[in-house]
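Given next are the chains, with one letter for each unit.
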Amino acid sequence: MAIHFALLTLVYAAAVLQASVAPRMALAGGRPEFLLLVAVLAAFAVRDWSALAWAALAGLAADALSDRPLGTGMLVATLVMLFVQRWLRDRPRPSRAGTAAVCAMALALIVFAREAIAAPLTGESLAPAALFADSGSSALLSSIIGAAVLLLWRFSQGMLHRRASASDR
């Protein structure tokens, strides 16, 4: 139950960041996708079907905060997380490098597929080079932010563990 409260808090914080910080962090045509990053992280934090619900919630929130048609991000995030859950089911303990690679690939696939589906629905021309550049830079920027947050999390856990050990002495 605590993990679901933590994911709800992450979705809320990611929505705030997506609406306020992400537009100012544009880089090479892309911007970070905080909500979709939470969707990918939920697949690794929760190893059951509730990860799909978290992916759907994060995808829907990402759609609501963007100018894309509602539901495209939710659909793609849910389908990609289904494949990630299937991959994780066969691997009880993937390595950290494997986990990071799968996270980055899943994020890139979600961003690319969402843009590819949304472009014809909004009447935009679908230039493959621009699509790859924009979705690639968004996925790369989001992956870098996700790796930095993960490193900070691990560092803070180590510091708290050291403090707890020192106070026990």
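Undergrad: Would you explain the overall build of the protein in this entry?
TA: Regarding its fold elements, the protein presents six helices and zero strands. Tracing the protein from N to C terminus, the helices and strands come up as α-α-α-α-α-α. Within the protein, buried positions represent 36% of all 169 residues. Partitioning the contacts of the protein with sequence separation of at least 6, the portion at a separation of at least 24 is 69%. Put simply, the protein shows about 10000 Å² of open surface, and 70% of that area lies on carbon and sulfur atoms.

Undergrad: Honestly, the nonpolar core in this entry has me stumped. Any pointers?
TA: Of all hydrophobic cores here, the largest spans 37 residues; its most connected members are Leu36, Val40, Phe44, Val80, Met81, Val84 and Ile110. Counting residues per element, the ones that place at least two in this core are helix 1 (2-20), helix 2 (34-45), helix 3 (50-64), helix 4 (72-89), helix 5 (96-122) and helix 6 (128-168). The leading source of residues in this core is helix 2, at ten residues. Not counting chain neighbours up to four residues away, the residues in contact with isoleucine 110 comprise Leu36, Val40, Val76, Ala77, Val80 and Met81.

Undergrad: Would you take a moment to explain helix 2 for this structure?
TA: For an α-helix, 3.6 residues make a turn, and residues three or four places apart therefore share a direction. The first and last C-alpha atoms of helix 2 sit 16 Å apart over twelve residues, in line with the 16 Å expected at 1.5 Å per residue. Of all the twelve residues making up helix 2, ten are buried; the element is thus mostly covered by neighbouring parts of the structure. Turning to helix 2, its buried residues are Phe34, Leu35, Leu36, Leu37, Val38, Ala39, Val40, Ala42, Ala43 and Phe44.

Undergrad: Got a minute to help me understand the packing of helix 1 against helix 2 in this structure?
TA: Relative orientation and spacing of two packed helices are given, respectively, by the angle between their axes and the distance between those axes. Close contact between helix 1 and helix 2 brings their axes to 8 Å; oriented N to C, the two are set at 165 degrees. Relative to helix 2, the element helix 1 lies roughly antiparallel. For the element pair helix 1 and helix 2, the recorded crossing hand is right-handed. Taken together, the residues of helix 2 that come into contact with helix 1 (itself represented by Ile3, Leu7, Leu10, Val11, Ala14, Ala15, Leu17 and Gln18) are Phe34, Leu35, Val38, Ala42 and Ala45. Grouping the amino acids of the contact of helix 1 with helix 2 by side-chain chemistry returns twelve nonpolar, one polar and no charged.

Undergrad: Please clarify how a nonpolar patch on the surface should be interpreted in this entry.
TA: Together, Leu75, Leu79, Phe83, Ile117 and Leu121 make up an exposed nonpolar region whose accessible area comes to about 500 Å². Only helix 4 and helix 5 provide two or more residues apiece to the nonpolar patch. The dominant element in the nonpolar patch, judged by the number of residues it contributes, is helix 4, at three residues. Given the relative accessible area of 43%, leucine 79 is considered partly exposed.

Undergrad: Would you explain the side chain of glutamate 33 in this entry?
TA: Along the chain, glutamate 33 turns up in the loop between helix 1 and helix 2. Non-local contacts of glutamate 33, meaning those with residues more than four positions away in its chain, are made with Gln18, Arg68, Val111, Arg114, Ser138 and Ser142.

Undergrad: Help me out: how do you make sense of the side chain of threonine 72 in this one?
TA: Position of threonine 72 among the secondary structure elements: in helix 4. Here threonine 72 falls in the buried class, since its relative accessible area comes to 5%. Here proline 69 takes part through its backbone oxygen, which lies 3.1 Å from a polar atom of the side chain of threonine 72. Apart from residues no more than four positions distant in its own chain, threonine 72 is found in contact with Asp63, Arg114, Ile117, Ala118 and Leu121.

Undergrad: Would you mind going over the environment of aspartate 63 with me for this structure?
TA: The residue aspartate 63 is located in helix 3 in this model. Excluding its chain neighbours within four sequence positions, the residues that come into contact with aspartate 63 are Arg68, Pro69, Leu70, Gly71, Thr72, Gly73, Met74 and Arg114.

The rules behind the values
- Residues numbered from 1 in each chain as written.
- Predicted model: local features only at pLDDT ≥ 70, side-chain atom pairs only at ≥ 80, totals over all residues.
- Heavy atoms only, no water.
- Helix = DSSP H or I, 4+ residues; strand = E, 2+ residues; numbered from the N terminus.
- Buried < 20%, exposed > 50% of the residue type's maximum accessible area, 1.4 Å probe, protein only.
- Contact = heavy atoms within 4.5 Å.
- Areas by Shrake-Rupley, 256 points an atom, 1.4 Å probe, with all protein chains shown as cover.
- Core = buried A, V, L, I, M, F, W, Y, C linked by side-chain atoms within 4.5 Å.
- Expected span 1.5 Å × (residues − 1).
- Axes fitted to C-alpha atoms, helices over the stretch in contact; angles between N-to-C directions.
- Parallel < 35°, antiparallel > 145°, perpendicular 65-115°, else oblique.
- Left-handed = near helix turned anticlockwise from the far one by under 90°.
- Nonpolar A, V, L, I, M, F, W, Y, C, P; charged D, E, K, R; others polar.
- Patch = residues over 30% accessible without salt bridge, like charges linked within 9 Å, V, L, I, M, F, W, Y side chains within 5 Å.
- Salt bridge = Lys/Arg side-chain N within 4 Å of Asp/Glu carboxyl O.
- Polar contact = N/O pair within 3.5 Å; in protein donor to acceptor, adjacent residues only side chain to side chain.

Just distances and angles here, no functional claims.
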